[in-house]
Amino acid sequence: MTVLDRTTPLTPIASEASSEASSEASKARRAARPIGLGLALAALATVVWSGSFVTSRALADSVPPIQHAFWRWIIAIAAVAPFAARQTWRQRAVLRKHIGFLLLASLLGVTIYNTLVNQAGVTTTAGNMGMIMAASPVLMAVYERIGGAKLGARRVTGMLIACAGVLVLVSGGSLSMDFAAGDLWVIAGAVSFGSYSALLKRKPAEIGGLPFLFATFTLGALMLFPVFVASFVIQGGFEPTMGTLSPLLYVGVVSSAIAFFAWNKAISIIGAARAGVIYYLQPVCVALLSFAVLGEALGWLQVVCMGLILGGVVLGSARAKR
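Trainee: In this structure, what is going on with the overall build of the chain? I would like to understand it.
Mentor: Secondary structure assignment for the chain yields 14 helices and zero strands. Burial statistics for the chain: of 322 residues in total, 46% are counted as buried. Across the chain, every contact between residues at least 6 apart in sequence was considered, and the portion connecting residues at least 24 apart equals 90%. Of the roughly 15,800 Å² that the chain leaves accessible, carbon and sulfur atoms contribute 68%.

As structure tokens, this is what we get:
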């Protein structure tokens, strides 16, 4: 009896320890799944947006940049409305409560960002737009660091490697930077997008993803409307052909409704800094898309820079071991 009394309590303890270990392993697996989903969503948005730089350049001669941006958001609103209108109406009180945040997010991410990119397409190439926009993750990381977030040595190193690849690609392997007027428009757009992405981390949790998307698209289009009217009066409209409507449908439905939802969700899961590392893939995607669609050749410099960017992305987005 004495032996049994001494040994009996060991079984529950061992069982409890085994249960705790299993629980910890289960928690670790569950924690890894959202991070993988966040990285996948950020990659989806990045790939889709790479195509929008090509469309911006393609429409530069046929659709005025401001009208391009305005109709993009009208199409995006129409695409999101069937899924988001009812939820948005239910959350109208919450949206009114946070109207200041929504206006700022709409201004940065909808009204300003894409309008600047479209304007850049008039005087610079799609490749340059994609490469320069890849600098915006630096600003995202700076905002997160200012907010008190610890980026970690691995993520910072990966970001620097990817950034070096972008800089070498933009400069063509030289130390001189010869920016066209359109390049400066893209730099301004990168600042706007980086600020928008950092702001997303502060989105009130009570605002749902679809209502936020629908509200920012609508508010952004409303703020753009007076400038659209001025553009229409001064520059005139454009001819609605398959060559103009197809790209507008792409940027309105795929590059706006789908990509922005994926990007916003990714930031809510993994944060702006880690999503920003994935965004460095953009110049690689643009270069490959230009090669596949436009037949532009890839030199050894582009291949080396892509290797740097991809290596930096893998290192910077990897989850640190606990």
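So that's the structure; there's more coming.
Trainee: Just checking my understanding: could you explain the nonpolar core for this structure?
Mentor: General note: in soluble globular proteins, nonpolar side chains tend to be found buried as a group. If you look at the biggest cluster of nonpolar residues, it comprises 63 residues, and the most contacted ones within it are Phe53, Phe193, Phe217 and Trp263. Those residues in contact with Phe193 that lie beyond four places of it in its chain are Trp49, Tyr113, Met133, Ser136, Met140, Trp263 and Tyr279. Met159, Cys163, Val284 and Ala287 belong to the second largest nonpolar core, which has 10 residues in total.

Trainee: Honestly, a nonpolar patch on the surface in this entry has me stumped. Any pointers?
Mentor: A cluster of nonpolar side chains, contributed by Phe225, Val229, Phe232, Val233 and Ile234, occupies part of the molecular surface with about 520 Å² of accessible area. One can find Val233 in helix H10 (residues 209-235).

Trainee: Sorry if this is basic, but what is going on with the packing of helix H5 (residues 99-120) against H10 here?
Mentor: The relative placement of two packed helices comes down to the angle between their axes together with the axis-to-axis distance. The contact between H5 and H10 brings their axes to 8 Å, and the two run at 65°. Seen along the crossing, H5 lies across H10 with a hand that is right-handed. Of the residues in H10, those in contact with Ile99, Phe101, Leu102, Leu103, Ala105, Ser106, Leu107, Val110, Thr111 and Thr115 of H5 are Phe212, Ala215, Thr216, Phe217, Leu219, Gly220, Ala221, Met223 and Leu224. Classifying every residue of the contact of H5 with H10 by side-chain character gives 14 nonpolar, five polar and no charged.

Trainee: Is there a simple way to explain the packing of helix H3 (residues 65-90) against helix H11 (residues 242-270) in this structure?
Mentor: Contact geometry of H3 with H11 gives a least axis separation of 8 Å together with a crossing angle of 60°. Regarding the angle of H3 to H11, the classification is oblique. Handedness of the H3/H11 crossing: right-handed. Residue-level contacts link His68, Arg72, Trp73, Ile75, Ala76, Ala79 and Val80 of H3 to Leu248, Leu249, Val251, Gly252, Val253, Ser255, Ser256, Ala257 and Phe260 of H11.

Trainee: I would appreciate a short explanation of the side chain of Thr88 in the present structure.
Mentor: Among the secondary structure elements, Thr88 is positioned in helix H3. Using a relative accessible area of 12% as the deciding quantity, one classes Thr88 as buried. With sequence-adjacent residues up to four places away left out, Thr88 is seen in contact with Leu95, Leu210, Pro211 and Phe214.

Parameters and conventions
Residues numbered from 1 in each chain as written. Predicted model: local features only at pLDDT ≥ 70, side-chain atom pairs only at ≥ 80, totals over all residues. Heavy atoms only, no water. Helix = DSSP H or I, 4+ residues; strand = E, 2+ residues; numbered from the N terminus. Buried < 20%, exposed > 50% of the residue type's maximum accessible area, 1.4 Å probe, protein only. Contact = heavy atoms within 4.5 Å. Areas by Shrake-Rupley, 256 points an atom, 1.4 Å probe, with all protein chains shown as cover. Core = buried A, V, L, I, M, F, W, Y, C linked by side-chain atoms within 4.5 Å. Patch = residues over 30% accessible without salt bridge, like charges linked within 9 Å, V, L, I, M, F, W, Y side chains within 5 Å. Salt bridge = Lys/Arg side-chain N within 4 Å of Asp/Glu carboxyl O. Axes fitted to C-alpha atoms, helices over the stretch in contact; angles between N-to-C directions. Left-handed = near helix turned anticlockwise from the far one by under 90°. Nonpolar A, V, L, I, M, F, W, Y, C, P; charged D, E, K, R; others polar. Parallel < 35°, antiparallel > 145°, perpendicular 65-115°, else oblique.

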